[in-house]
Amino acid sequence: MESKKHLVIEVVRIGQRLVRDDRVTTHVALVSRGFGAERIYMTEINPEIKDTIGKINNTWGGNFEIEFIEKWKPVVKKKKDEGYKIVHLSMYGENINDVQDSIGSEKNLLIVVGAEKVPREIYEMADYNVGVGSQPHSEISALAILLDRIQKGKQFEKEFPNAKRKIIPTKKGKNVQVKETRD
């Protein structure tokens, strides 16, 4: 049985451990973009991340957006009021194997990805608290696994509009299609 296509997937990144997390947060944004989300909301961010993602969109296509926010709670409340289901990634949540089909059948999702210890309140606000594995791991890997599981790989069929470059899958070597641009 094939699940309904998600109309919208968005991500909220709560917090950032200074210096250490610039790269991690960039990778959370890259995974969000590459695995089918349309937007990421970020608190406590290095603004260079927005430039990096802008360059990726310009070269590889798409219109993934980064929105800097001061507080996460108003975003979560607003999305919940708009009918989004809130999915909080946490090592302590329900096992992904038990909830992936339910989440995959939802229409609109807001996925919450923490950096450091997240406020207890998010556990209560979430419709799903989801654990990917029962051992310490990266929030990057947890986000990628969740997005892959709930979309069943369909995110990799997505076309990114206005791409100047596109990877063509090949058994050996590299094959990158480059669109010619006229100045």
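As shown above, the structure is provided for reference.
Residues numbered from 1 in each chain as written. Predicted model: local features only at pLDDT ≥ 70, side-chain atom pairs only at ≥ 80, totals over all residues. Heavy atoms only, no water.

Quick look at the overall build of the protein now. What the protein contains, in helices and strands, is 6 helices and 8 strands. Sequence-ordered secondary structure for the protein, helices as α and strands as β, is β-α-β-α-β-α-β-α-β-α-β-α-β-β. Looking at the protein as a whole, 43% of its 183 residues qualify as buried. Working note: accessible area of the protein is about 11,200 Å², and carbon and sulfur atoms make up 49% of it. (Helix = DSSP H or I, 4+ residues; strand = E, 2+ residues; numbered from the N terminus. Buried < 20%, exposed > 50% of the residue type's maximum accessible area, 1.4 Å probe, protein only. Areas by Shrake-Rupley, 256 points an atom, 1.4 Å probe, with all protein chains shown as cover.)

Quick look at the side chain of His 88 now. Counting through the fold element by element, His 88 comes out in strand E4 (residues 85-95). Within the structure, His 88 has its side chain in polar contact with the side chain of Asn 129 (distance 2.8 Å). Residues in contact with His 88, not counting those within four places in the same chain, are Val 112, Val 118, Ile 122, Tyr 123, Ala 126, Tyr 128, Asn 129 and Val 130. (Polar contact = N/O pair within 3.5 Å; in protein donor to acceptor, adjacent residues only side chain to side chain. Contact = heavy atoms within 4.5 Å.)

Ordered in space as E3-E2-E1-E5-E4-E6, the 6 strands form an open sheet in which the pairing is parallel. Each having just a single partner strand, strand E3 (65-68) and strand E6 (128-131) make up the two edges of the open sheet. Shown here is a sheet whose adjacent strand axes are inclined to one another by a mean of 30°, direction ignored. Pairing analysis gives 5 bridges linking E4 to E6, with the strands arranged parallel. The partner of Glu 94 across the bridge, within E6, is Val 130. Set on the sheet, helix H6 (residues 139-151) makes contact with strand E1 (8-14), E4, strand E5 (108-114) and E6; between it and E5 the angle comes to about 165°. (Pairing = 2+ DSSP bridges. Axes fitted to C-alpha atoms, helices over the stretch in contact; angles between N-to-C directions.)

Aromatic ring pairs: the centre-centre distance and the angle between the two ring planes describe each pair. Using the criterion set out here, one finds 1 aromatic pair in the structure. Between Phe 35 and Phe 156 the ring centres are 5.1 Å apart and the planes differ by 80°, which places this aromatic pair in the edge-to-face class. Linking Phe 35 in the loop between helix H1 (21-34) and strand E2 (39-42) with Phe 156 in the loop between H6 and strand E7 (165-167), this pair joins segments that are 121 residues apart in sequence. Directly above the aromatic system of Phe 68 lies the positively charged group of Lys 50, at a separation of 5.5 Å from the ring centroid. (Phe/Tyr/Trp six-rings, centres within 6.5 Å; stacked < 30°, edge-to-face > 60°. Lys NZ or Arg CZ within 6 Å of the ring centre and 35° of its normal.)

These values are about where atoms sit, not about what they do.
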